[in-house]
There are 2 protein chains.
Amino acid sequence: MKFFHTADWHLGKLVQNVYMTEDQRLVLQEFVKAIEEEKPDAVIIAGDLYDRGVPPTEAVNLLDEVLETIVLKLNTPVLAIAGNHDSPSRLHFGSRMMKSNGYHMAGQISKQLEPVVLNDEHGEVHFHLIPYADPSVIRYVFEDEEVKTHNDAMRKITDEIAARMNANARHVFVGHAFVTPTGEKEDNTSDSERPLSIGGAEHVSATLFEKFHYTALGHLHQAHFVLNETIHYAGSPLKYSISEEKHKKGFFIVEMDEAGKVTIEKRLLTPARDMRTVEAKMDELLKHPINEDYVFVRLLDETPVLMPMEKVRSVYPNAMHVERVIQAPIVKDGEATEKVARTKMDDLSLFKAFYQEVKGTALAEETEEIFLEVLQELLQKDNEQSAVKIAVTTNRAAKGV
Amino acid sequence: MKFFHTADWHLGKLVQNVYMTEDQRLVLQEFVKAIEEEKPDAVIIAGDLYDRGVPPTEAVNLLDEVLETIVLKLNTPVLAIAGNHDSPSRLHFGSRMMKSNGYHMAGQISKQLEPVVLNDEHGEVHFHLIPYADPSVIRYVFEDEEVKTHNDAMRKITDEIAARMNANARHVFVGHAFVTPTGEKEDNTSDSERPLSIGGAEHVSATLFEKFHYTALGHLHQAHFVLNETIHYAGSPLKYSISEEKHKKGFFIVEMDEAGKVTIEKRLLTPARDMRTVEAKMDELLKHPINEDYVFVRLLDETPVLMPMEKVRSVYPNAMHVERVIQAPIVKDGEATEKVARTKMDDLSLFKAFYQEVKGTALAEETEEIFLEVLQELLQKDNEQSAVKIAVTTNRAAKGV
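Residues numbered from 1 in each chain as written. Chains lettered and ligands numbered in written order. Predicted model: local features only at pLDDT ≥ 70, side-chain atom pairs only at ≥ 80, totals over all residues. Heavy atoms only, no water.

K.L.:
Hey, could you run me through the sheet that holds strand β14 (residues 228-233) of chain B in this one?
P.N.:
The pairing of strands in a sheet happens through backbone hydrogen bonds and is either parallel or antiparallel. Residue and element names in this part refer to chain B. A sheet is described by the order of its strands in space; here 6 strands give the open sequence β7-β8-β9-β12-β14-β13, paired in mixed fashion. Two strands bound the open sheet, and with one partner strand each, they are β7 (116-120) and β13 (224-226). Neighbour to neighbour, the strand axes of the sheet diverge by 30° on average, direction disregarded. (Pairing = 2+ DSSP bridges. Helix = DSSP H or I, 4+ residues; strand = E, 2+ residues; numbered from the N terminus. Axes fitted to C-alpha atoms, helices over the stretch in contact; angles between N-to-C directions.)

And the structure:
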């Protein structure tokens, strides 16, 4: 039995107000191509197909297209669950009708915990599709008042499955949760994941999954295993936050033998545009070759930069964010500078930096004197009057007169 | 060939802030029962399955249940289109996967205009499922700049269908539009329908449908035919506004013979609670037997009624609205009354009516004097001071002292 394990597509995702739909479409085309080539027996999507309960229609259309291709054109069963970003009932709609075509979507948890059974030459593989559910839902569905935390809820579910497990079959668990080796808090999150609960009782112990031959997880956006190789996060197919810059995005190809032993291959996906940090002075940055990546720019300039995003986008048209690493220093005529926040700069330093930026040359001594004179004058007048003067005199000073 | 024709379910509908979901569930159960008994070859739902693009999850679950029962349990094909209240892409999701099960949903219009073909002993019946679409969408999809109005759009579609129509087959058109005999404006709307366009270019001529053996329409909530018996609105299965009070709600059972000739039977549906007007004086109304209907009460009382909804709901717990037919009259000691709006009543008349309502007896002369005295006093003082007094003296007067 060979299956693909992916998760956290987050269709309809906005990053820094940019819709990722086109990037998602491209990377999913690559994913579909891999299905065509590898011909897996099934594709697992472990939750967060959409980024929100009511996704934009473009995302609905994209998911519809991709699923249709995998299920109808490539005739490959899809085993999917709702994640914490998905709307259980909206994803669940039509699922019983689509089942017979090979699209198995568990949107809402049911007490029956009926697995999807696929066969290979060695016999049955049971896929236990467990959508994300709040502990309160599990408490209600299984009528168990003891279920309080996410770990309680997952223990309840895995115990129930274990109690009715066919020992002759192989078993795959598909879930969407924050799993750590022992259920203790761990800091391997990304900024694009949404916490499952406030206060930290969201962690689930990986030991609960030891009874399964493979556990296909979704929720954390970095691909990694927990406790051992059989308990895996697929990670998201794209970077959805700059905190995921170092992630290698892709999916897993899992081959399961007769005994249920798995061999796991990671397959990388190539995004149309990478998401990465660029650190440079503006002068250098403007000499970079033009590049479409989603860059987060850290400017190393010591002096303020005017209209930085406009300049950056002449080279990186899809730049998402620009910030200055070093805040404006006090400039003292060629002396070594002291790094201080701009708010702490005195008026003259601020003006010098501004002058340098606008004129491209340092402030002449004469101009400095005029500035200080005017400033002194202004400080003595009342606010309303001085507002007018500032405009006039600043203008004069900027012209170097 | 026998098929059911229904439309305008509006699942998720709120009437006067009351969710109709339970009433919808009951009436749809009756509808499903009729399918069980009559065993039609297909069920047509001519748009507005939901009341809005993003319906509440209860509505999604209800539609899922009903469709699953009809399609999977009763093995009856469903031929449905999106109406102007539905979200085309959300309803379209999964439709190609569900097709093979017999759920045919046209959410988005496609240029191909491929009909759904069903067979009976006489041959093929082609069902042309045309979802609601704005004229701008038709202009874009068919690349025809001439399409401006709804009538242009429908002519374009029906012409395209006619051009590729199989003359040996029988044809059923399923659409969602405001159809009148000649495409002129007609006033047969209900308050619960949403206008298709502002300014009145929404009407479509029934003559466009003469080439079809039957036209199953949705949009107008009253069941009726347009031009001739073969062009029918099914109407909504429930009353969704008091303006639909006189409607007989139900659906059509259409039998089509070898030649495409139809015989049409109207089957009524019985709502759990009727929607109707009750006109009475409060005293009489309070003697009515307790009744669960959604009543809109018109009170015939001549004097103001305190807490009318609270009183009405002691008899009609699901009352939706209460109004007084006759506005408060000026009461002149037994004289014939002149009907004037409450805003025009003088202070003494208002107080008399209030006193009568609270105490159940007429105002004594002595009390009237006290009231007038206090009122006079109050009018002379400034606003802020008198505010306090009003409370105190009104209280005194109400006690009859």
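K.L.:
Where do I start with the pairing of strand β15 (residues 250-256) of chain B in this structure?
P.N.:
For a regular strand, the rule is simple: side chains alternate between the two faces of the sheet. All names here are of chain B. β15 sits mainly inside the fold: 6 of its 7 residues count as buried. Bridge analysis of strand β1 (residues 2-6) against β15 gives 4 bridges, and the strand direction is antiparallel. Considered in β15, the bridge of His5 is made with Phe252. Bridging between β15 and strand β16 (residues 262-268) involves 7 bridges; their strand directions are antiparallel. In the strand pairing of β16, Met256 is matched with Val262. Hairpin connection from β15 to β16: 5 residues lie between these consecutive antiparallel strands, with Gly260 at a positive phi of about 90°. (Buried < 20%, exposed > 50% of the residue type's maximum accessible area, 1.4 Å probe, protein only.)

K.L.:
How should the side chain of A:His92 be read in this particular structure?
P.N.:
Secondary-structure assignment places A:His92 in helix α3 (residues 88-92). Excluding residues that lie within four positions of it along the chain, A:His92 makes contacts with A:Met105, A:Ala106, A:Gly107, A:Gln108 and B:Asp64. (Contact = heavy atoms within 4.5 Å.)

K.L.:
Hey, could you run me through the environment of B:Val60 in this one?
P.N.:
If you trace the backbone, B:Val60 turns up in helix α2 (residues 57-73). On the basis of relative accessible area, B:Val60 is assigned to the buried category, the value being 4%. Residues B:Val60 and B:Leu49, 11 residues apart in the sequence, show an inter-C-alpha distance of 9.9 Å. Setting aside chain neighbours within four positions, we find B:Val60 in contact with A:Ser89, A:Arg90, A:Phe93, B:Tyr50 and B:Pro55.

K.L.:
Would you mind showing me how to read the pairing of strand β4 (residues 42-46) of chain A here?
P.N.:
Residues and elements named next belong to chain A. Burial runs high along β4: 5 of the 5 residues are buried. Of the two faces of β4, both are covered, the one formed by Ala42, Ile44 and Ala46 as well as the one formed by Val43 and Ile45. Bridging between β4 and strand β5 (residues 78-81) involves 4 bridges; their strand directions are parallel. For Ile45, the partnering residue across the bridge sits in β5 and is Ala80. Remark: the β4/helix α2 (residues 57-73)/β5 crossover connection has right-handed handedness. (Right-handed = clockwise from strand over helix to strand, strands pointing away.)

K.L.:
Looking at this structure, how should I read a negative patch on the surface?
P.N.:
Negative charge collects at one region of the surface, where A:Asp41, A:Glu121, A:Glu255, A:Asp257 and A:Glu258 lie side by side. Relative to the helices and strands, A:Glu258 resides in the loop between β15 (250-256) and β16 (262-268). (Patch = residues over 30% accessible without salt bridge, like charges linked within 9 Å, V, L, I, M, F, W, Y side chains within 5 Å. Areas by Shrake-Rupley, 256 points an atom, 1.4 Å probe, with all protein chains shown as cover. Salt bridge = Lys/Arg side-chain N within 4 Å of Asp/Glu carboxyl O. Lys, Arg positive; Asp, Glu negative; His and termini not counted. Charge placed at Lys NZ, Arg CZ, Asp CG, Glu CD.)

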